[in-house]
Every structure is written in C-alpha cells, then in structure tokens.
Amino acid sequence: MGRGKIEIKKIENPTNRQVTYSKRRAGIMKKARELTVLCDAQVSIIMFSSTKKFSEYCSPGTNTKQIFDRYQQACQVDLWSSQYERMQNQLKSLKEVNNGLRREIRQRMGEDLDNMDIDELRGLEQNLHDSVKAVRERKYHVLQTQTETYKKKVKHSSEAYNNLVRALQMREDDPVYGYVDDEASHFEGALALANGGTHMYALRLQPNQPNLHAMEYAPHDLRLA
C-alpha cells in the first residue's frame, strides 16, 4: 500500500505539531548535508520553531554571513542598510538624551544658564529647592538615627556603672569583707587610667573572721573595670 497524501495545513494539536516539526527538521538537515557532500554545494538553513527554538545548518568551509553576502551580490540587494539606518537613528537619539542630561547637570551646578528663559529658570529653581529639601530631610533622619544610637550607648554605660556601684556597696556592707582604701590603691587606679584604662578600682579584701586569717589578698588581687 502506498502512503496517503497529507493535507497541508496547520496541525492544531501542539504535541503532534512539535513532533512533526522535529521529524521534518531532521529530514531537511539530512538533505542539506547530502547536497553539500554529493553536489559540493554551499547550503545555509535557519529555522525557528513555533516555540522560538533556533536551528541552523551551514556547509563546512563557509558561514552564514558569507552566504548572505553572496546572496546580496547575486540579487543586487542590501540586507544591512535598513538595519544600519535604524542603528544610526538609535545612536542619534541616545546622543541627544546624553547631551540633555549633561546640560541639566551643568545647569544644576549653576552653569550654562544664558540661554534659559524665565520659565525655565523658575523650573530649575524649584527643582533645586526640592533637591535641597530632600537632602536636608535625609540629613535630619541620619542625625536622629545617630542621636538615638548614642543615647542607647549612654544608657547602657550608665546602667553598667550603676550595677558596678551597687556591687561595690554590697561588698562594703558585707560583714565578712571590708573595703580598704589606701594610697596604693589610689596610685594603681591612677596608673591604670593614665594607661588608657576605663574606671579601674583596686580593692583589698580584709577577712574579719578568725578562720580566714590565713587568706591574704593583695591590692591587685581583685580589680573591677
């Protein structure tokens, strides 16, 4: 039995359409390679599927650009002129935008104001006023944030100092230990502060219980920083 004819129309089922495209694409690529080998022909094929998938074949020893150049020479057409013209127009537009931005920057710096009329000058003045306002608001926000941070640090330091004072008072009120303040302690504390230390306290704990007479504490045995 011979193969039946297939009506040439779009295949509505997406799966069947993709399968048919894959099979026929492989067949076209095979025929192009056979033409290249059997007939010493230069063949270039470019295909895009309905899913935007790109497929390409070009005969060995050449490339797609060379094929296009030969096509333009044989048909006396220019495939690149329209693209080149579009690129030139786009470049011109970008240059105009760039020049406008540079001129606006110079005007904001107080330069290139001679060709501006009264309305443009008023608009520039308003823009500068809005910019200064935004900068000032940002500055105040940063200052407020830094102030709050410093307040928290001061509060933390104050709490740490109060805790230290309470701890010293508790040790002073303890009947077992007594706080002894002498010149050596003052000297060592002053020496510590002179060397870059923070609040340094030298304590000498004197045992008041008979069973603790064997314990000795030097002024440097306990330091609170």
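Residues numbered from 1 in each chain as written. Predicted model: local features only at pLDDT ≥ 70, side-chain atom pairs only at ≥ 80, totals over all residues. Heavy atoms only, no water.

### With respect to the nonpolar core
Core analysis: the largest hydrophobic core is formed by six residues, namely M29, A32, V43, I45, M47 and Y57. Listed by contribution, the elements that provide at least two residues to this core are α1 (14–39) and β1 (44–48). Apart from the residues lying within four places of it in its own chain, the contact partners of V43 are A32, L35, T36, Y57, C58 and S59. (Core = buried A, V, L, I, M, F, W, Y, C linked by side-chain atoms within 4.5 Å. Buried < 20%, exposed > 50% of the residue type's maximum accessible area, 1.4 Å probe, protein only. Helix = DSSP H or I, 4+ residues; strand = E, 2+ residues; numbered from the N terminus. Contact = heavy atoms within 4.5 Å.)

### Quick notes on the pattern of salt bridges
Evaluation of the coordinates by the stated rule reveals three salt bridges. Residue D112 pairs with R106 through a salt bridge whose shortest N-O separation is 3.3 Å. The class of D112 is partly exposed, set by a relative accessible area of 33%. By relative accessible area, R106 is classed as partly exposed at 34%. (Salt bridge = Lys/Arg side-chain N within 4 Å of Asp/Glu carboxyl O.)

### What about helix α4 (residues 118–173)?
For α4, built from 56 residues, the straight-helix expectation of 82 Å at 1.5 Å per residue is met to within 8% by its first-to-last C-alpha distance of 81 Å. In this structure D117 caps α4, since a side-chain oxygen of it lies 3.3 Å from the backbone nitrogen of D119. (Expected span 1.5 Å × (residues − 1). Polar contact = N/O pair within 3.5 Å; in protein donor to acceptor, adjacent residues only side chain to side chain.)

### Here's the deal with the packing of aromatic side chains
One pass over the full model with this rule turns up two aromatic pairs. Seen in terms of ring centroids, F68 and W80 are 6.2 Å apart; in terms of plane orientation they differ by 85°. Their pairing is edge-to-face. In this pair, F68 sits in helix α2 (residues 64–75) while W80 sits in the loop between α2 and α3 (81–108), placing the two residues twelve residues apart along the sequence. We classify F68 as partly exposed; its relative accessible area is 31%. (Phe/Tyr/Trp six-rings, centres within 6.5 Å; stacked < 30°, edge-to-face > 60°.)

### Points about α2
Look at α2: 16 Å from first C-alpha to last across twelve residues, which is about the 16 Å you get at 1.5 Å a residue. Listed in full, the buried residues belonging to α2 are T64, I67 and Q72. Projected onto a plane normal to the axis of α2, the buried residues spread over an arc of 135° and lie on a single side. Facing away from the buried side of α2, by more than 90 degrees, are the exposed residues K65, R70, Q73 and A74. Where α2 is buried, its residues contact β1 and β2 (54–58). In this structure N63 caps α2, since a side-chain oxygen of it lies 3.2 Å from the backbone nitrogen of K65. (Arc of directions from axis to C-beta.)

Everything listed here is a matter of coordinates, which is why it stays silent on function.
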